[in-house]
Structures are given as structure tokens and as C-alpha cells.
Amino acid sequence: MTTTIGLGDLFSISPMIALFLASLIPITVKVLRGNVEQPPFATLIQGLGGILAAAILLLTVFVLRGQQLNPTAFANALVLDGVTVSVGLMTLLVSAGALLLMYDNPATRGNQFSELIFLALSSITGMLILVSAVDLLVVFIGLETMSLSLYMMIAISHEQKLSKEAALKYFILGGFASALFLYGVAFIFGTVGSTYLPQVIASTGALISSSRLFLFGITMVILGFCFKVSIAPFHAWTPDVYQGSPTPHTAFMATAVKAVSFAAFLRIIASNALVGSENLFDFMQWLAVITMIVGNVAAILQNNFKRMLAYSSIAHSGYLLVGVITTGVSDDMSFGASSVIFYLVAYSLMTLGAFAIVSLMERDENHSISIDSLAGYARKRPLMALCLTVLMLSMAGVPPTLGFFGKFYLFTSAIGEGLLWLAIWAVLNSVISVYYYLRPIVVMYMKEGEAMDAGGMFATRTAILVSSFFIVFLGLISGPLFEVIERTLS
Amino acid sequence: MLLSAVVFLPMLFALIVALWPNQRTLRPLALGFALIEFALSLGIFYYFDPSSSALQLVERYPWIERFGITYFFGIDGISLWLVILTTFLTPVALLGAWKSIEERVRGFLACVFILEAAMLGTFLAMDAVFFYLFWELSLVPMYFMIGIWGGARRIYATVKFFIFTMVGSVLMLVAIIYMMFLTAEAFGTMSASLLDFYRLDIPFISGQFLSPQTLMFSAFALAFAIKVPVFPLHTWLPDAHVEAPTPGSVILAGVMLKMGTYGFMRWVMPVFPEATVHYAWFFMLIGVIGIIYGALVAMVQPDIKKLVAYSSVSHMGYILIGLFALNEFGVTGGLYQMLNHGISTGALFLLVGMIYERTHSREISRYGGLAGVLPFFTIAFFIVTLSSIAVPMTNGFIGEFLILLGAFQANSVWGYFAVSGVVLGAVYMLWMFKRVFFGPQGELVKDEHHPLHDLSVREMFVLAPMIVLVFWMGLYPSFFLNYSKASLDHFVKNQAHYELAIQSGKEVAQ
């Protein structure tokens, strides 16, 4: 097989190239300065510049693609479609937010900031590969580029103990998930004879019922993703890793990483494997229900704010899995997929904002924030407390926030596909979640205390304000936003 | 534009109040705003045509076109008085709470206005998703009002309030979404408009719980039953009331509970006609249980506020019976009783708040002989008590009489049981009145260090309109009922196939 790489291919991946080049700037500068850190602000600007360039290029490529016949690049390994551009842009946005957090947080700022930004941008490059990959092996490359950078980001944190444990745990379990994924890919390749997704999808209908090996392969691939997006019972790493990592990295993992993993998940689930295999379909539904229950019930018991948010993110994975299943069984893929992507937008924004508040309150690198330590925060910082209130209510799905509309579209698509009982499980779970999302609000507003944030940190404050603003504003124009997403997908 | 202005003006007020720099002028400003809002809502009468049963002053714009969700406000005889009740009680509650809220006044006033907007939106929204938005939004300010400015067990009470209400409403959301798909099936395009829900013919299989109509009926009914609250889902109410600050209690009892009964009238009975008829006995039953149970529990309460709270459970049982009697007397009485309950229980909570401000105690046993010390207060309390136990000439009489008439007409068994509530109501209210106002002076009353002062001018201003309304509504009910008559007739006559037309024409002037 011969492969020719033209300029068009390079143009298609220009966002990744831009990110990669931008990632090199901070470490190159550091080397040229004789291993002396440049001012962190300069590093931050270089990182944000890279992200901005990538975003602009991504849009340009997507718009110009309309005139071009072939949206794929590199011999069908990458595709630039609606999923790529919508999830890609959102990922870039929340990554920029996470970078702002890294700039301020005591655990990430300091003498290795250049290396951190390099790793972060490499990780984002991996994410862009992941969202545009249509070949299972390229999916793997994207996944690993993203994850390996992330392991190191966590490990080089200044935090003393937990982050090292978190990095190791994440590394081992991430490696395990990758192994599952690869194992599955091997079976798929063995039965289909190709790792190119459209070809896999084309043969799914025939193979899923006749070939056990193929069913095994696709199940392994799906389970690999379940690990990545922390679906119970494969969620056990999430609370420890989220709690142990420096908060900006947790924000990065919980938003950008999860969003792109779900986007890739959508591409694989689109294979109609769920339609072909009744057992797999049932199995996935139970996973969704268990995930929602485990996440929500465990979150009630938490005292550490970060750990509570970690469990809440597991619960959100459960809601998202409902949408993924809907996409998997529907004929009109774009509706289910756009509801998942819309929910990802909502989820990422509110999670970023919530972790940003945690980051804001951390005074030194070993500081851990319990929910009770928020007492009295509303008196000291009314604006930030209001933002956290908006974020929490949005996570609980109280209208008219973006979180409500995310759930509304998700459940609408599920009910439209006849998954009524799954939707009922989901709404009942969202009632359970109300209890623990109200807790920070109760503590902030209704208990006396001396909670105080570290002061300063304008980058983090910007991230909080922007995400809270989006939560309210996008909630009001959610209809047009949903239609835009749906149009880019179809 | 008028209805949008009525709903969203309080939002603007909330924003202004929250950012207002001067602490001293805050309360007069808020009162002024609330009065402006009241005056504006009176403007509805100018455009409202009482002879028509159609939906009036309609504003309808596409909002989320993908799902047929519209920005849709409209008013008819059913919602008209509830809207006025809301805008009327808000300034009353603000003036009544002049002194009871001492700290974080700014936040409190902002909460009151957001709550007012949400409640008005709930009464006026005619699109299911739009309605749901306001319905849920009303939880948030009330949650803060109880949680921040409430009593000792406020956090428990407010979280309970929030979660109880949320359980019901999320299932309603699922039902709404399901109904939207039914409209898509029936009419080709998806729609969340209530008028399209009315036109739906949802399959009903008698005696089978799993038929679509029964399931959705249950989902909607559960949401509203929790809000009303219906026995045995009422347990959040005494907690919320006792812990809430006075203005919170006034608005909660006066308006928020009516969101539940209004929901039954607007969203349950006409949308699911067969299920309503089929299960009416069940709601009559829990209505009757609510009346008797609420009254019996109220009788043994040592705390005045808790007594009033349980009396609400009893009164709301009447409203439920009236509505599910499904005849003209019952439904008219039910609607009228919603207004009466708003006035009389609102006034009772205000009065309890006033005495609490003086003595910081609500324990009945520590009072006694108040009549000799606070004559004006006693008179006011007595009039409101009479209204609450439905003595002729007061508003409560008209409502309860119509409801009982309706109940006897529907099935006399319910009537017999419901009538016992009239007696029981008199028992707990008068007994409480006797223990607080007559007899030997209690420890709080004869406390020489804290002499009690009678009603101040401000407090008289708060109570005067309520007392005027008690008699006005009691002596001249047709003034109020004339505006609702056309809608209620239409509601009762077309119970099996209810449809709501949109009146066009008159509203163009604005």
C-alpha cells in the first residue's frame, strides 16, 4: 500500500501542527536562556497563543472543507467533520481555561512551568488527533499522546505526596485501559481485516451476530473507553486521581480529556454494534444506571470538595453514557450525538468553573479543601460565591442554566429512542445529586465561618467568571446552539 | 408585551435592588418597586375581557424551534386572580417584614423579586418547557429565603423543601418530554404548547396503571400534589413554614401552594380527562384525609406557626376536593378558596410574625390574656381567624360553601366527611385564640421588662388591605367571580374535551 502525503493533508492537520510548534516555544526559550525559567506570564501567553492559533486554524479548515470533496486526510486516517470541529473547539476553550488555572495554582506554577505548558499542549495535540481519528490505530495514537503527557504533568507537580500516587495510579490503570482497547482492536482487525472505522461499521451488521470474536473485540474496545471516561465499575481510579492531582490538572482531565474521550466513544458506538447485539445493549444500559447511582450516592458521602466533584463527574459520565447509548441505537445519529456534545459543553464549562473555585481557595500546594471550609465564603466573596452557586445549580440541572438544557436534550433524545426507563433512572439520579450540590451552597451562605480564598489569582477568577457567564448566557440561547451543533454533525 | 413586562419587571427590580448602594433607602425602594409591579398587574384588567373563556393577551414567539418550544404567555379567568394575588401579596409581605429581616437585606429583597417573577411566570406560561423553567426557578429563591433568614432548623427544612419538590418535578419533566413526542406523532411537528397538549388524545385503558395516560397523569399529579401539599406528601410544609422568615411564610402559603392546585387545574385535569374522572375518587379521598388529618394535627400543636401551617394542609384539602368534584360549584369554590387561603393564611402568618417580633416566642402556652394588652392586634387576629374558619360574611365562607356544595353534588359521602373539617377548623382556631388572647395573662404578656406595644401604623397598613379583602370577598364575591366565570364554565362543561382558544384583537393596542 502506498501512501502519498500532499499539502492538503498537512493543511488539514494544521491545528495540530500549530499546537505542536507552540508547545516547543517555552522549552526552547528555557534551553536558550540556559535552563532559566522565563516569566510564567510569557509562558502562559505562548501556550494560550498556540491554543488560539489552533482554534482559528480548526475553524478555517472546517469552513474551507466545504469546497473540498475529501474531508479526510492521511489516507483516511483522520477526518475533519462536525464532531471534530465542535468537540475540538470546545476542548481548546476549556484547555485554555485549565491553562489559566495552572498559571495561578501554587502546585503547578514555579520552576517547571515551561515544561508543564509543553506537556499540556502536547496533550491537547493528542486530543485533537483523538477527535479526528477514524482509524482505530490512530485513535490509539491520539489516546496515548494525550495520556502520556498527562501522566507526566501530574507527576511533576509540586504537591508532595498525593500527586505522585495519583500519577502512578493513573498511569497503571490508564495503561490497563489502553491494553484492553488494543486487545479489542486486534480482534476487530482479525475479523474485519481492517482498522478503518467506516469499514468496521460496514461489516458490523453481519459480523456482530455471527462472529463471537468480533463481538469480543468491539466489547473490549468499548470497555477500554469505559475505563477512560470512568464508567462504573471501571471508575475506581477516578476519585483518587482527581483528588491527588493538582486542581488545574484535575480540571483539565475532568473536562477536556473526558470530552474528547466521549467524542471518540461516539464514533465507535456509531458502529451500530448495540443494534446488532441485544446483550451488549442491555449491558451498556446497566452500566449507565450503575454509574449514575455509584457516582451520586458516593458523592453524598464526601467531605473533600475535590473528591465530591470527582464522584459527581462519574455521575455525569453516567448521564452521558445514556446519550451515547441513544446514539448507538438511533437511526438518526446526529440527534443523539449532538445532545451528547451539547451536554459535554455544559458539563465541561461547569466542571471547569467548579474546579477553578477549588483552585482559587488553595493557599499552598498541599492545601486540601473540604466542603465545610467554605463556611462564610458568601460574605467574604459574594461574587465568587454567586458563581459557585450558579455552577452547582447548573450541575444539579436547575433551569434556566446550561446544565438543565444539557439534561433536557439528553433525556429528550433518550425518550425519543424509547429509552424511557433509562431517562427515568437519570432524572431520579439527578434528584439525588441535588442533595450534594446544595451542600456547598448551604455551607457558603447559611453557615458562619472564616472561609477565604488565596486572593489575587486574576487568571483563575477570569476562568470562573467566564464559565459562569456562559452557563447562564448559553442556557438562554440553548436552542440555536443545539441547532448549530446538530447542523455541523449532519 | 404586558404579560412579559409583568413577569420580567421583578427580575429587573431584583437586579437593581441587589446592586443598590444605599442600605437605608433599600426597603422603601423595594416597596415602591413591588407597588409599581402591583399597579402594572392591575393594568391587565384594562385589556382583559371577562366574557371570554379564551386565552387572552397572548404573546407567543418561537424559542427553541427544534423541539417546538415557544415563549408563550397567556392569561384567562383561571390565572387572572392568582396573578393579582401574587403581585398583591408581595408588597404586603415586604411591608410586613420591614423589621423582621435585619441582615443581608439586599439579598433578601432580591430573592423576593426573583420569586415573584418565577411565580408569575408559572401562572402565565402556556408552554410546557417554559412553564417547567419557572416552576423550578421558583425553588431557588425560596430555598435561600428559608436557608439564610430562617429559624434554627432552617437548613434541614430548606433542603427537605428543595428535594421534595424536585422529586415530583423531574418526573413531570420526563412526562413533558414524552408528551412532546406524542404531539410530534399526532400533529407531525413537535410542540410543547399546552394548547397542543389539550388537543392530544392520549390512550387510556381503564383500570390499567401502565397505560400512557395514567402514567403521565401520575407524573404530573405527583409534582403538583407535593407542591399543594397533599397528605401524605405534606411533611415538608410544616418544617418549611416554621423555619421560614415571616415574608417567606406569607409567600409560601399565600402563593406557592397555589402553584400546585393551579397546576392541577391547568395541566392535569384538562390534559388527561379520562384519567382525571377515573381517579377523581382517589384525590377526593386524600383531600378528605388531608382536611381531617391537618385539622387534628393542628389542634395539638404547641406552636402557633406550626398550627397555622397544619391548618394550610387542611385548607388545601378543601381546594383539592373542590377541583376534583368536577362540577361548577366545586371548581368555582376551589378557585375561590385558593384566593381566600392566600389572604387569610397570609394574614395569619403576618400576625404570627408580628407577635413573634415582640416576644420572640411562638409557644401558645406562654401567652394568654393578650386581648387586654393588645386590643387592635386582637381585633385583627379575630377577623382573620373568622375568615380562616369560614364564618359567613367572610371570604372563607363563600369558598368552603361552594366546595361543600360541589362535593355533595359529586358524591355525598365526600361531603359528609368534608363537613367535619368545618367543625374541626373552628375547634383548633378558636381554641388557639382562646388560649392566646383570653384567660389569665401568660408569662410573656405580663413580663414587666418587655411591655408589649399594640399595632404600629405600618402594621395597620399591612393588615388593613387584607381585612378589607376578607369582607369584600365575603360580601361581594361576584365581583371576583365574574372575571373567572366564563373560563370556569368552559372548564367544567368541556371537561372531556377541553380546548383553549386564543383571543385575538384587543391586545394589539400596547
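Described below are features of the structure shown in this document. (Residues numbered from 1 in each chain as written. Chains lettered and ligands numbered in written order. Predicted model: local features only at pLDDT ≥ 70, side-chain atom pairs only at ≥ 80, totals over all residues. Heavy atoms only, no water.)

### What about the interface of chain B and chain A?
Which entries qualify depends on this criterion: Any two residues whose heavy atoms approach within 4.5 Å at even a single point are treated as in contact. Once two parts are joined, some of their accessible surface, as seen by a 1.4 Å probe, is lost; buried area is that loss totalled over both. Salt bridge, as used here: a side-chain nitrogen of Lys or Arg that lies within 4 Å of a carboxyl oxygen of Asp or Glu. Polar contact criterion, stated in full: a pair of N or O atoms within 3.5 Å, where within protein one must be able to donate a hydrogen and the other to accept it, and residues adjacent in sequence count only if both atoms are side-chain atoms. Put simply, DSSP marks the helices as runs of H or I at least four residues long and the strands as runs of E at least two long, and each gets a number from the N terminus on. When residues are sorted by character, Ala, Val, Leu, Ile, Met, Phe, Trp, Tyr, Cys and Pro go into the nonpolar class, Asp, Glu, Lys and Arg into the charged class, and all the rest, Gly among them, into the polar class.
At the interface, 34 residues of chain B touch 39 residues of chain A. Surface buried jointly by chain B and chain A totals about 3200 Å² across both partners, of which 81% is contributed by carbon and sulfur atoms. Across the contact surface, chain B and chain A share two salt bridges. Here Glu486(A) makes a salt bridge to Arg66(B), at a shortest N to O gap of 2.5 Å. Seen at the junction of chain B and chain A, the total is six residue pairs in polar contact (both at pLDDT 80 or more). Within the residue set of the side of chain B that touches chain A, elements represented by two or more residues are β1 (56–64), α5 (128–137), α6 (139–149) and α7 (154–187) of chain B. Looking at which element gives the most residues to the side of chain B that touches chain A, the answer is α7(B), with 16 residues. For the side of chain B that touches chain A, a count of residues per class yields 26 nonpolar, two polar and six charged.

### So, the pattern of salt bridges
Residue and element names in this part refer to chain A. This is how the line gets drawn: Throughout, exposure labels follow a simple rule: accessible area from a 1.4 Å probe, protein chains only, divided by the maximum for the residue type, with under 20% read as buried, over 50% as exposed, and the rest as partly exposed.
Counted by the stated rule, this structure contains 19 salt bridges over all chains. The partner of glutamate 115 in a salt bridge is lysine 30, with the nearest N and O atoms 3.0 Å apart. Taken as a pair, glutamate 115 in helix α5 (residues 113–132) and lysine 30 in helix α2 (residues 14–32) lie far apart in primary sequence, 85 residues in all. The exposure class assigned to lysine 30 is buried, which follows from its relative accessible area of 7%.

### What to know about the packing of aromatic side chains
Applicable threshold: Between rings of Phe, Tyr and Trp, where Trp is taken as its six-membered ring, a pair exists when centres lie within 6.5 Å; planes separated by under 30 degrees are stacked, by over 60 edge-to-face, and by other angles tilted. Criterion for a charge above a ring: Lys NZ or Arg CZ within 6 Å of the ring centre, and within 35 degrees of the ring normal.
Inspection of the entire model under this criterion finds 93 aromatic pairs over all chains. Taken together, a centroid distance of 5.1 Å and an interplanar angle of 20 degrees make the contact between Tyr170(A) and Trp237(A) stacked. Here Trp237(A) lies in helix α10 (residues 237–244) and Tyr170(A) lies in helix α7 (residues 162–192), a separation of 67 residues in the sequence. Grouping residues by exposure puts Tyr170(A) and Trp237(A) together as buried. Across the ring face of Phe67(B), the terminal group of Arg66(B) is positioned such that the distance to the ring centre comes to 5.1 Å. In this structure, Arg362(B) packs its charged tip against the face of Tyr356(B), placed 4.9 Å from the ring centre.

### Brief notes about helix α3 (residues 40–65) of chain A
Residue and element names in this part refer to chain A. The condition that has to hold: Expected helix span is given by 1.5 Å per residue-to-residue step, counting one fewer step than there are residues.
Across its 26 residues, α3 extends 37 Å between first and last C-alpha, which sits within 8% of the 38 Å expected from 1.5 Å per residue. Within α3, the full set of buried residues consists of Thr43, Leu44, Gln46, Gly47, Gly50, Ile51, Ala54, Ala55, Leu58, Val61 and Phe62. Each element contacted by the buried residues of α3 is listed here: α1 (7–12), α2, α4 (82–104), α5 and α21 (478–489).

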